Amino acid sequence: MYESYFSNKFTNGLVFYVFLLLLLLVSPFLFAWELVNAIRSCLQTKENMSGKVVLITGASSGLGELMAYEYAKLGAYLAIIARQKPESQLEQVAVRARELGSPDVLFMFADVSKVDECRMFVDNTVQHFGRLDHLVCNAGISPLYSINNDVTKFEPVMDINFWGSVYPTHFAIPHLMKSKGKIIVNASSAGVLNPPRGGFYNASKAALISFYESLRFEVSPTITITILTLGFIQTNMITAKYSSNGVGVRLRKDMKDVVPTMEAEPCVKAMVDGICKGATSITEPRFVKALFFINYLFPQLHQFYFKKYFSSKNRNLKRNG
Ligand SMILES: NC(=O)c1ccc[n+]([C@@H]2O[C@H](COP(=O)([O-])OP(=O)(O)OC[C@H]3O[C@@H](n4cnc5c(N)ncnc54)[C@H](OP(=O)(O)O)[C@@H]3O)[C@@H](O)[C@H]2O)c1
């Protein structure tokens, strides 16, 4: 019966316009609902992190490092991960986190794209602290792609950004089930908005969103999953210097000189606050949420915005090498 309705072109098209009309009618209620939720989240009690155990990947710099400090101030035990590199700041991050209030910090060098190393750092964390409460899958890289680049050089994007979150999640789930813990995954607004030159990065982040939205059905309500969809945040990742180090396209200027960005510290404070209140998704800066709606409802406007910022004003891209 349904087949005959939807094979009729007129009815098929009509459904879409009826839906848009309904959206218009319910939008005041949606607005009220968002407002109620915002007020409710202000009043919500926060999880007491004192004595809890938090494992953070990609904690040697940027958002992971600042999250370690924020959790440390709340009295959490920490296990922090980054790759073994001569210039790594991971040990200094551990020292600072102890100074800020963490009772004990375990730092481990590991590559999240390697399954055995992920198993190792999850097991070591539980052996050392006896439990795991929050797993923060944060490690990531963001080379920019152009069709002129060697496509085979971009495999690590998926290996680190996608598998590098999925592997530790897989090994941590039994421990998080016991502690009724949380999984926090640092996806990106890029996984929804698909900015230009981000092809592989966007795809890896879209894959993360899809994977964790699906995983929710299996593990909730015992484990809460928080998906972070951040806009441009002022870390190394969005600077010209960082983009020159790897493969792909190089930025001429830091992104903060080209598009609206948010400072990392207030962003991380809002993130950890939301996580401890049990939020299932967090978007900072907040205006990025409006871009999600524009993307779905007015795709032409969305394309205009990105063309404006990334093509004419920016003219910010060079090839690496
Ligand atoms: N900054 C933004 O605008 C923005 C926006 C949305 C989402 N994000 C996401 O936020 C996360 C953190 O990025 P960030 O901005 O803080 O950049 P960042 O300062 O470059 O931090 C990236 C972290 O990931 C670690 N890492 C990279 N590859 C790794 C691997 N194979 N194994 C273990 N650790 C690895 C890095 O440590 P080592 O290099 O020392 O190993 C570093 O600690 C990323 O997933 C990123 O996609 C950032």
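Residues numbered from 1 in each chain as written. Predicted model: local features only at pLDDT ≥ 70, side-chain atom pairs only at ≥ 80, totals over all residues.

For the rest of this paragraph, the subject is the nonpolar core. By size, the foremost hydrophobic cluster in this structure holds 76 residues, and its most contacted members are Ile 56, Met 67, Ala 68, Tyr 71, Leu 78, Ile 80 and Val 185. When residues no more than four places from it in sequence are discounted, the contact partners of Met 67 are Ile 56, Val 136, Asn 138, Val 268 and Val 272. (Core = buried A, V, L, I, M, F, W, Y, C linked by C-beta atoms within 7 Å. Buried ≥ 20, exposed ≤ 12 C-beta atoms within 10 Å, placed from the backbone. Contact = placed C-beta atoms within 7 Å.)

With respect to the helices and strands, the residue Pro 196 is situated in the loop between helix H7 (190–193) and helix H8 (199–219). The class for Pro 196 is partly exposed, based on 18 C-beta atoms found within 10 Å. Between the C-alpha atom of Pro 196 and that of Leu 144, which follows or precedes it by 52 residues, the distance is 8.7 Å. (Helix = DSSP H or I, 4+ residues; strand = E, 2+ residues; numbered from the N terminus.)

Bringing the domain arrangement of the protein into the picture now. For the protein, the domain assignment lists domain 1 (1–43) and domain 2 (49–319). Each of domain 1 and domain 2 has a C-alpha centre, and the two are 31 Å apart. (Domains from an automatic or database assignment.)

Within the open sheet, the 7 strands sit side by side as E3-E2-E1-E4-E5-E6-E10. Their pairing is parallel. Every interior strand has two partners, whereas the edge strands, strand E3 (105–109) and strand E10 (281–282), have only one. Across 3 bridges, strand E1 (residues 53–57) lies against strand E4 (residues 134–137) in parallel orientation. If you follow Ile 56 over to E4, its bridge partner there is Val 136. Taken strand by strand, helix H3 (residues 62–73) contacts E1, strand E2 (77–82), E4 and strand E5 (182–186), and its axis lies near 170° from that of E1. Sitting on the sheet, helix H6 (residues 155–179) is in contact with E1, E4 and E5, with an inclination near 175° to E4. (Pairing = 2+ DSSP bridges. Axes fitted to C-alpha atoms, helices over the stretch in contact; angles between N-to-C directions.)

So, on to helix H5 (residues 115–129). Taking 1.5 Å per residue, 15 residues should reach 21 Å; H5 reaches 22 Å between its end C-alpha atoms and fits that length. The complete set of buried residues in H5 reads Cys 118, Phe 121, Val 122, Thr 125, Val 126 and Phe 129. For H5, the angular spread of buried residues about the axis comes to 130°, placing them on one side. What points out from H5, more than 90 degrees from its buried face, is the exposed set Asp 116 and Gln 127. Structurally, H5 contributes buried residues whose contacts are with E1, E2, E3 and H6. Phi turns positive, to about 85°, at Gly 130, one or two residues after H5. (Expected span 1.5 Å × (residues − 1). Arc of directions from axis to C-beta.)

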